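# Architecture and fold: a report
Now for the letters of each chain:
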Amino acid sequence: MANEYRGSPKQQLEKLFKASIRVTVPDLPDVEPLIAACNPRFGDYQCNNAMSLWTTIKGKGTEFKGPQPVGQALKNNLPTSEMVESLSIAGPGFVNVVLSKQWIAKSIHKMLTDGVETWAPKLSVKRAIVDFSSPNIAKEMHVGHLRSTIIGDTLARMLEFSNVEVLRRNHVGDWGTQFGMLIEFLFEKFPDWENANDQAIGDLEVFYKASKQRFDSDSAFKERAQQAVVSLQGGDEKYRKAWKQICEISRKGFEKVYKRLGVHLEEKGESFYNPFIPMVLGLLNEKGLVEESEGARVIFIEGKKIPLIVVKRDGGFNYASTDLTALWYRLNEEKAEWIIYVTDVGQQEHFDMVFTAAKRAGWLPTEDSKYPKTNHVGFGLVLGEDGKRFRTRSTEVVKLVDLLDEAKIRCRDALIERGRGTDWTKEELEQTAEAVGYGAVKYADLKNNRLTNYTFNFDQMLNDKGNTAVYLLYAHARICSIIRKSGKDMEELKKVGKIELIEDAERVLGLHLLQFAEIVEEACIKLLPNVLCEYLYGLSEDFTGFYSTCQVVGSAEETSRLLLCEATAVVMRKCFHLLGITPVYKI
């Protein structure tokens, strides 16, 4: 009975209908139930197997005369369950299911006593790698890195909640020809470079641009820089030390941004995989995949005009050689079953070619549904008001640090306007401005389908009405305020109280709460954070509908309704956590 109230209604209905299908069509043993939420006019869920079953069995001596009798049989053969209140047939055999109010109420109460983790979906994968953020050394993180960083973090959080072991990988650009130019410029500008601190070197972005300008305009410097690459890649200790120093300064800058965003990553940059490249290319060569073409070593991919270059004409390695090596390492050394790459949509073709090469090598199964598997999670551009790539007035890319500062300042100003400057301590004001400001920036991105471009607009994202983080965070704070004003001990109420869904608005809210697990599962499987955002906004709207029609404090149903408020707050907080947003408890 303990499991009767766990997991999603969809999963539990799948078990019931699987049993019904086995009895209805015993000669078809491996039919998966097709269960979906349906139009509320007909029920809560629908089983849609009748039509496809009829297509399979008609003309084969079956007793059924059409899809509707098949649907009727599925309904009649469904095992009795406390979760089902009623069943009906619609159209060509759709079986509509209305869930029991009592069962919904008990399921929510069980979550309150056992914890929201009991609603975590169960995925078929044990270990995944999410490769995200991946900035380049010596360049500041800009608005373009925002999408990869927060989409990747949310996917990692959802998988972790689903009890998947997630290796969060930061594949930083810390290797390549640009380091010759940077190291040579470091030697030139700072003869005592070993003792030069971060402050002396200053803004690495400025340092990078100055070295690039020198590289482009001075042929003698260019020659020294090219020689420096050879020295670095050859393992020269002096050059390695200088390289590490530049990387370390960059890392400190990245870490400040990650700390603000509440994002945790483990760095395994391009340099980490470099020693493995010759061995991995050797394996691909043994399988006959690598061919000579115009002086380069390439892998031809069916359907692509341009091959995947793995060794350049000058004998150097490139992105493809590094990415193939990283993939081999992740499959063979880190034993990942699912590897997810979060980069802009412009890299889709590159990763398609890398994955195809890996399938040809036998590293990955040819069927995309089988594990181990890989996915490229692409995302569109962040646009300015002019519809072009988001930049500053001086046409520079917008630094992520500046963007987060601006969001926090605007939120702080809005809170002071509401009189919180005098009501709250300075620390409360700062923490709330940070939670709401950073949350607003994240949510404005995550609520969009990641494949689309979106327009960055502070006024819209900081609006306290509509589908924004500000509205949702304030909605959560209002629920907390209702509970506080009741003066009741919620832990005690969980033990002695009972949820009863009497009014329609209570049932609507209860059902929405119960669908949390299947929504997280859908967002994980489809790799779409906006699915969770839509759920969260819908939950807030359903709570508003409930609160506007059902008195909570002082009503005869106070205990039940306070428990419903608490359940809504618990699920909202878990949604915020999965989206990397810090909840606020008062406004």
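Under an unreviewed UniProt entry, the protein chain has the name arginine--tRNA ligase and belongs to Daucus carota subsp. sativus. Its UniProt record gives the protein chain the following Catalytic activity (unreviewed entry) comment, quoted word for word: "tRNA(Arg) + L-arginine + ATP = L-arginyl-tRNA(Arg) + AMP + diphosphate".

What follows deals with the environment of Val280. Structurally, Val280 can be placed in helix H12 (residues 277–286). As a C-alpha pair, Val280 and Ala469 span 189 residues in sequence and 46 Å in three-dimensional space. In contact with Val280, not counting residues within four places along its chain, are Leu324, Thr325, Trp328 and Trp363.

With that settled, the discussion passes to the side chain of Glu270. Mapped onto the elements, Glu270 comes out in helix H11 (residues 270–273). There is no salt bridge for the buried Glu270, and the closest opposite charge comes from Arg330, which lies 10 Å off by N-O distance. In contact with Glu270, other than residues within four places in its own chain, are His171, Val172, Gly173, Asp174, Trp175, Tyr319 and Thr322.

What follows deals with the pattern of salt bridges. Here the structure, examined in full by the defined rule, presents 46 salt bridges. Here Lys488 and Glu558 are joined by a salt bridge, their closest N and O atoms 2.3 Å apart. Residue Lys488 is located in the loop between helix H19 (469–486) and helix H20 (490–496), and its partner Glu558 is located in helix H24 (residues 558–578); the two are separated by 70 residues in the primary sequence. Residue Lys488 is classed as partly exposed on the basis of its relative accessible area, which comes to 39%. Overall, the relative accessible area of 12% leaves Glu558 in the buried class. The partner of Glu566 in a salt bridge is Lys494, with the nearest N and O atoms 3.9 Å apart. Here the residue Glu566 occupies a position in helix H24, and Lys494 occupies one in helix H20, the gap between them amounting to 72 residues.

Two numbers describe a pair of packed helices, the interaxial angle and the distance between the axes. Between helix H5 (residues 143–161) and helix H22 (residues 516–526), the shortest axis-to-axis distance is 10 Å and the interhelical angle comes to 130 degrees. Judged by the angle between their axes, H5 and H22 are oblique. Viewed along their axes, H5 and H22 form a crossing whose handedness is left-handed. Facing Met158, Leu159 and Phe161 of H5, the residues of H22 in contact are Phe516, Val520, Ala523 and Cys524. By residue class, the composition of the contact of H5 with H22 is seven nonpolar, no polar and no charged.

The side chains of a regular strand alternate, residue by residue, between the two faces of the sheet. Of all five residues in strand S5 (residues 127–131), four are buried, a share of seventy percent or more. Across five bridges, S5 lies against strand S6 (residues 165–170) in parallel orientation. Its bridge partner being in S6, Ile129 is matched across the sheet by Leu167. Between S5 and its parallel partner S6, the chain crosses via H5, and the hand of that crossover is right-handed. With four bridges joining them, S5 and strand S11 (residues 338–342) adopt parallel strand pairing.

Feature annotation in UniProt places "domain: DALR anticodon binding" (unreviewed entry) on residues 472–587, given in this structure's numbering. Across residues 472–587, the secondary structure splits into 74% helix and 0% strand, with the terminal C-alpha atoms separated by 12 Å.

Across a sheet, strands are paired by hydrogen bonds formed along the backbone, either parallel or antiparallel in direction. Spatially, the five strands line up as an open sheet ordered S7-S6-S5-S11-S12, and their pairing is parallel. With partners counted over all chains shown, the strands left at the sheet margins are strand S7 (266–267) and strand S12 (373–377), one partner each.

On to the packing of aromatic side chains, then. Evaluation of the coordinates by the stated rule reveals 20 aromatic pairs. On the basis of an interplanar angle of 55 degrees and a centroid distance of 5.8 Å, the ring pair of Phe161 and Phe516 is categorised as tilted. You can see Phe161 sitting in helix H5 and its partner Phe516 sitting in helix H22, a full 355 residues away along the chain. Across the pair, exposure class does not vary: Phe161 and Phe516 are buried alike. A centroid spacing of 5.5 Å and a plane angle of 45 degrees characterise the contact between Tyr341 and Phe355, whose relative ring orientation is tilted. With a gap of 14 residues between them, Tyr341 in strand S11 and Phe355 in helix H14 (residues 348–360) connect regions that are remote in the sequence. No difference in accessibility class separates Tyr341 from Phe355, as the two residues are buried. Taken together, Phe272, Tyr273, Phe276 and Tyr329 form an aromatic cluster joined through their ring pairs. Stacked on the ring of Phe187, the Lys or Arg Lys238 has its end atom at 4.4 Å from the ring centre. Positioned above the aromatic ring of Phe272, the side-chain terminus of Lys268 is 5.0 Å from the ring centre.

Turning our attention to the nonpolar core. Within the largest apolar cluster, 163 residues are counted, with the highest numbers of intra-cluster contacts made by Leu159 and Phe516. Counting residues per element, this core draws most heavily on H24, at 12 residues. Once residues within four sequence positions are removed from consideration, Phe516 is found in contact with Val116, Trp119, Phe161, Leu532, Tyr535, Val571, Lys574, Cys575 and Leu578. Among the nonpolar cores identified, the runner-up in size contains 33 residues, and Leu167, Leu281, Leu331 and Leu364 belong to it.

Between its first and last C-alpha, helix H10 (residues 237–261) extends 36 Å over 25 residues, near the 36 Å set by a 1.5 Å rise per residue. When we look at burial in H10, the residues that qualify are Tyr239, Ala242, Trp243, Gln245, Ile246, Cys247, Ile249, Ser250, Phe254, Val257, Tyr258 and Leu261. Of the residues that open H10, the one with a side-chain oxygen 3.0 Å from the backbone nitrogen of Lys238 is Asp236. In the segment just after H10, Gly262 is the residue with positive phi, at about 65 degrees.

Judged by pairing direction, the sheet is antiparallel, and its three strands sit side by side in the order S8-S9-S10 without closing on themselves. Strands with a single pairing partner mark the edges of an open sheet, and in this sheet they are strand S8 (290–293) and strand S10 (308–311). Adjacent strand axes in the sheet meet at a mean angle of 45 degrees, parallel and antiparallel pairs treated alike. With four bridges connecting them, S8 and strand S9 (residues 296–299) associate as antiparallel partners. Bridge pairing links Ser293 to Ala296 in S9. Against the sheet, helix H13 (residues 319–332) engages S9 and S10, with an angle of about 85 degrees to S10. Together, S9 and S10 form the strand contacts of H14, whose direction differs from that of S10 by roughly 70 degrees.

Rules and cut-offs
- Residues numbered from 1 in each chain as written.
- Predicted model: local features only at pLDDT ≥ 70, side-chain atom pairs only at ≥ 80, totals over all residues.
- Heavy atoms only, no water.
- UniProt positions renumbered as here; feature names shortened; annotations may be inferred.
- Helix = DSSP H or I, 4+ residues; strand = E, 2+ residues; numbered from the N terminus.
- Contact = heavy atoms within 4.5 Å.
- Buried < 20%, exposed > 50% of the residue type's maximum accessible area, 1.4 Å probe, protein only.
- Lys, Arg positive; Asp, Glu negative; His and termini not counted.
- Salt bridge = Lys/Arg side-chain N within 4 Å of Asp/Glu carboxyl O.
- Axes fitted to C-alpha atoms, helices over the stretch in contact; angles between N-to-C directions.
- Parallel < 35°, antiparallel > 145°, perpendicular 65-115°, else oblique.
- Left-handed = near helix turned anticlockwise from the far one by under 90°.
- Nonpolar A, V, L, I, M, F, W, Y, C, P; charged D, E, K, R; others polar.
- Pairing = 2+ DSSP bridges.
- Right-handed = clockwise from strand over helix to strand, strands pointing away.
- Phe/Tyr/Trp six-rings, centres within 6.5 Å; stacked < 30°, edge-to-face > 60°.
- Lys NZ or Arg CZ within 6 Å of the ring centre and 35° of its normal.
- Core = buried A, V, L, I, M, F, W, Y, C linked by side-chain atoms within 4.5 Å.
- Expected span 1.5 Å × (residues − 1).
- Polar contact = N/O pair within 3.5 Å; in protein donor to acceptor, adjacent residues only side chain to side chain.

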